[in-house]
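Observations on the model geometry
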Amino acid sequence: TTLPLPYLAIELTSLVLNALFTLANMALAIKVEINKVFSDDTQFVLEINYVLGFCIFLATLLAHISYHFLLNPRLESRYVATEVDIKTLENDKLMKLWGDQINAAYGTKYIGAWDGHGALSLMKAMKKAMTGGPDSPIPFTRGVVLRIDTKCEKSEMDMKKKQKSGQEDDAKLEPDKMEEGEGGSLAAVIFITVSERFDLASYVTGCCGSVLSSMFGASSCIPILTLRWGVVGFQWPFHGGIFLTRKSDKPIDDMSQVQRALVHWNRVSKNPCNVLMAPCYITQLDSYSFECSHFLNLEVGPSVIVDLRRYHGMEYKTFQRVALKKGNRRNHIGYFEKKGGTYTVSRQFQDFDAKHHEVHASLCGQTAQQRVGRGEARLICPVTPGIVKSLQDNHMKEFRRVFGIRVNGEAAGAAMLFEFPKSSLMTSDMQGLQHEIARPAHAYFAMLALTVELCLKERIDFLDFGPTTLDPKLDVGGRLIPTRTGYYTHSVVLRSFIKGGLDRFRQLNQEVEDRLKNEKKTEPTWAWAQPYVEIDFQHLTPALKKLYNVQPMLIPFPNPDAEDGKNSAKNNKNNKSKRNKKNKQKSPGKGGNPGKKTKKQLNKERAKQRRKNKKAAEKAANALADAKEALQKNPEDEKLQMAHEKALKTWEAANALVKADQEHSSNPSQRASRAPSATPSVSVGAQKIDELNRKKGIARASSGLFSRCVYVCVYVYMCVRVCMCVYV
């Protein structure tokens, strides 16, 4: 739970004012006692006043401390966390054992699962790139690897003794002893990205933010506006860092015990983090155990994952036809190549550029600056040449590739493709673009499409694009996966600030989610509308099954190209029969002319055209309603006004054709003379409208003449009756 910021500000302000008021009363009472200015009764009242003020201050302070304690209780865990050094991560035999245990615990096929060997290799590369301090390849960023073991009385007492004596390094268990089982069996491996100077001043915009950042920010001499921020996971790729190594009968309880051990490690650490942040998908266990560990469980913006399991065996063009709606089937790759674009996908980074780490970091820096200019938050872990070089040298080749693009020979963009073969997962991260070159060639959209095409060729199940820029990723076949984040902090003020900041971040993506929910037309084969299946969840409960409408199993879609190949003989036979029938229809009959259509054929064509006109009118009516709604929201926009006028003309033309069809169908004399009409257009519609207006004018004129005659007859009749009455 969190308190609203205004209420919290009022409470803290009243606490401070109460303390100052009590001190002032106390000083006044002491002064009166010394100088004997007032009577004894007055002095007694002053003493009572400051005593009551002190009691109120004490009660308010105790209430605040109690609330703080209720939010941050000391929860016991059956596990103990121990920091792992780089030598342990370089022990290939131990890493293979841990990787196999991670893969065997809950499998590697649910959404968000990582291959254990790939995860450990990435931990090693990140830890070497994040050494902490200003001289780190990523300045003031440290990578921490923890192993979680079952508590043992002997090991726990030894740890406490060594911590009391200040020998924290000796408190780490040796890898060989860990492998043999001393200190308990392994329960989980955790990676934490620690930002030693998380700059709060960067969230203040304008000149005031620049001044605060230069005086008290991360790069200043007095960094008082900074925090130690720990991400329980990775920034690149953005993923949670808790990997369980054994399966439990009570998975949620087991995960909560691991998280409690993590909190205890942070509490007793020499340099504890002010905030621990643990991101995860809703398909992972982490999101359902945050409350048990007293993490603040908040929903953040969704992430985009392209689920390709149902489309295996399809080419990219076939995938577009089956999985995407018609408006998203643009040929971005062809346009990119037409503008002089080329791309490189390789495990050798030098294939893209000889100084790849510098070029890649420069491109990512340009993209990061553009996002900051749009008002988005800065990255916790920015891309630097050091981290790119560490991934190149220390991350195994089978788990990473570079994806670079050039436009007319100049580097326009780059991304890092992280692969997890046993999970059949690929992620696209660390993406940077030189927008002046990339934008005219649609390079960003081409990169997304090319990545999807690569995954289809290699039969990869999941392509994870991450939680930013949702619309372009949805257009190439992505689906939204809700993401939750657990926050742990002792500060009541920080909890309220985090809750408020995430609410604002959540609103940025709410429009995209609402648009997808309100989509009027959906096809069962569209990628973004695919349902969850049971294997998508790390641990599926009946409540989750009902909440997310989980289907029992995954059913692949048939490949249209393969179906065409299987039925080629049948199609040839049908085509042959159709050709014979067509030739027979064109041949002269008894007393007939060659190629003349029969009355039945003409009626079919007319009925088909009437159906087309009716559909066109319905489509035009929907477009007109959308344009009218958009114009009402922003009536001064000239583009919306022009779009509304165009939609109105199209609707009138289509509606005129439908009315004309109805008139012709009701008049038998004109049925045979009418030829099939063309596609509805504005000029034809205008002619029809003029004709209908002329007919309406004739009808109005005739009806007006008839009404006048009736009025005259009634008037004459009344006059005759009046005259008869007067005469009588």
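Before any of the text, the structure's been laid out above.
Cut-offs used in this document
- Residues numbered from 1 in each chain as written.
- Predicted model: local features only at pLDDT ≥ 70, side-chain atom pairs only at ≥ 80, totals over all residues.
- Heavy atoms only, no water.
- Helix = DSSP H or I, 4+ residues; strand = E, 2+ residues; numbered from the N terminus.
- Buried < 20%, exposed > 50% of the residue type's maximum accessible area, 1.4 Å probe, protein only.
- Patch = residues over 30% accessible without salt bridge, like charges linked within 9 Å, V, L, I, M, F, W, Y side chains within 5 Å.
- Areas by Shrake-Rupley, 256 points an atom, 1.4 Å probe, with all protein chains shown as cover.
- Salt bridge = Lys/Arg side-chain N within 4 Å of Asp/Glu carboxyl O.
- Axes fitted to C-alpha atoms, helices over the stretch in contact; angles between N-to-C directions.
- Parallel < 35°, antiparallel > 145°, perpendicular 65-115°, else oblique.
- Left-handed = near helix turned anticlockwise from the far one by under 90°.
- Contact = heavy atoms within 4.5 Å.
- Nonpolar A, V, L, I, M, F, W, Y, C, P; charged D, E, K, R; others polar.
- Phe/Tyr/Trp six-rings, centres within 6.5 Å; stacked < 30°, edge-to-face > 60°.
- Lys NZ or Arg CZ within 6 Å of the ring centre and 35° of its normal.
- Core = buried A, V, L, I, M, F, W, Y, C linked by side-chain atoms within 4.5 Å.
- Polar contact = N/O pair within 3.5 Å; in protein donor to acceptor, adjacent residues only side chain to side chain.
- Pairing = 2+ DSSP bridges.
- Expected span 1.5 Å × (residues − 1).

1. Here's the deal with the overall build of the chain
- Each helix and strand in the chain was counted, giving 23 helices and 15 strands.
- Classification of the 728 residues of the chain by burial places 42% in the buried group.

2. Re a nonpolar patch on the surface
- A cluster of nonpolar side chains, contributed by Val16, Leu17, Leu20 and Leu23, occupies part of the molecular surface with about 400 Å² of accessible area.
- Among the secondary structure elements, leucine 23 is positioned in helix H1 (residues 5–35).
- Owing to a relative accessible area of 54%, leucine 23 belongs among the exposed residues under this scheme.

3. Here we look at the packing of helix H4 (residues 92–106) against helix H5 (residues 116–129)
- Between H4 and H5, whose axes approach to 7 Å, the crossing angle comes to 130°. Considering the angle they form, H4 stands oblique to H5. Between H4 and H5 the crossing geometry is right-handed. Between H4, through Met95, Lys96, Trp98, Gly99, Asp100, Ile102 and Asn103, and H5, the contact on the second element is made entirely by Gly116, His117 and Leu120.
- Among the residues making up the contact of H4 with H5, the classes are represented as 4 nonpolar, 4 polar and 2 charged.

4. Observations concerning unusual backbone geometry
- The omega torsion of the bond from tryptophan 236 to proline 237 falls at -10°, within 30 degrees of zero and hence cis.
- Mapped onto the secondary structure, proline 237 falls in the loop between strand S5 (233–234) and strand S6 (239–240).
- With a phi close to 50°, serine 424 is a non-glycine residue in the positive phi region.
- Along the chain, serine 424 turns up in the loop between strand S12 (410–420) and strand S13 (425–433).

5. As for the packing of aromatic side chains
- In this structure the tally under the stated criterion is 16 aromatic pairs.
- Between tyrosine 311 and phenylalanine 319 the ring centres are 5.1 Å apart and the planes differ by 90°, which places this aromatic pair in the edge-to-face class. Each member of the pair tyrosine 311 and phenylalanine 319 is classed as buried.
- Through a chain of ring-to-ring contacts, three or more aromatic side chains come together here, namely Trp114, Phe191, Phe234, Phe243 and Phe420.
- Above the plane of the ring of phenylalanine 352 lies arginine 406, whose end atom (NZ or CZ) is 5.0 Å from the centre.
- Of note, arginine 479 hangs over the ring of tyrosine 532, and the distance from its end group to the ring centre comes to 4.8 Å.

6. A closer look at the nonpolar core
- With 46 residues, the main nonpolar core has Met126, Ile387 and Met430 as its most contacted residues.
- Contributions of two or more residues to this core are made by H4, H5, strand S3 (186–199), helix H13 (385–394), S12 and S13.
- Top contributing element to this core by residue count: H5, with 7 residues.
- Excluding residues within four positions of it along the chain, isoleucine 387 makes contact with Met126, Ala129, Met130, Pro137, Ile138, Trp236, Cys381 and Met430.
- Tyr311, Tyr316, Ala412 and Cys455 belong to the second largest nonpolar core, which has 45 residues in total.

7. Here's the deal with the side chain of aspartate 353
- Within the secondary structure layout, aspartate 353 lies in the loop between strand S10 (341–346) and helix H12 (356–373).
- Reaching out from aspartate 353, the side chain makes a polar contact with the side chain of arginine 406 at a distance of 3.0 Å.
- Each residue touching aspartate 353, except ones within four places of it in the same chain, is listed here: Val359 and Arg406.

8. Digging into the pattern of salt bridges
- Counted according to the given criterion, the structure contains 18 salt bridges.
- Its salt-bridge partner being glutamate 90, residue lysine 128 comes within 3.0 Å of it at the nearest N-O pair. Taken together, the residues lysine 128 in helix H5 and glutamate 90 in the loop between helix H3 (86–89) and H4 connect sequence positions 38 residues apart.
- The partly exposed category is assigned to lysine 128, whose relative accessible area is 30%.
- For glutamate 90, a relative accessible area of 40% gives the class partly exposed.
- Salt bridges sharing common partners tie together Asp307, Arg309, Arg310, Arg479 and Asp536.

9. Examining the pairing of strand S15 (residues 479–488)
- The element S15 is extensively covered by neighbouring structure, given that 8 of its 10 residues are classed as buried.
- Where strand S8 (residues 275–281) and S15 come together, 6 bridges link them in antiparallel fashion. Counterpart to methionine 277 in the pairing with S15 is tyrosine 487.

10. Points about helix H9 (residues 251–268)
- Taking 1.5 Å per residue, 18 residues should reach 26 Å; H9 reaches 26 Å between its end C-alpha atoms and fits that length.
- Among the 18 residues that make up H9, 13 are buried, leaving the element largely enclosed by the rest of the structure.

11. Examining the environment of leucine 463
- Relative to the assigned elements, leucine 463 resides in strand S14 (residues 462–466).
- Given the relative accessible area of 0%, leucine 463 is considered buried.
- A sequence separation of 46 residues divides leucine 463 from leucine 417, and the C-alpha atoms of the two residues are 9.8 Å apart.
- If near-sequence neighbours (up to four positions away) are discounted, leucine 463 is found in contact with Val304, Ile305, Val306, Met426, Thr451, Val452 and Cys455.

12. Re the side chain of threonine 88
- Tracing the sequence through the fold places threonine 88 in helix H3.
- There is a polar contact of 2.8 Å between the side chain of threonine 88 and the side chain of aspartate 85.

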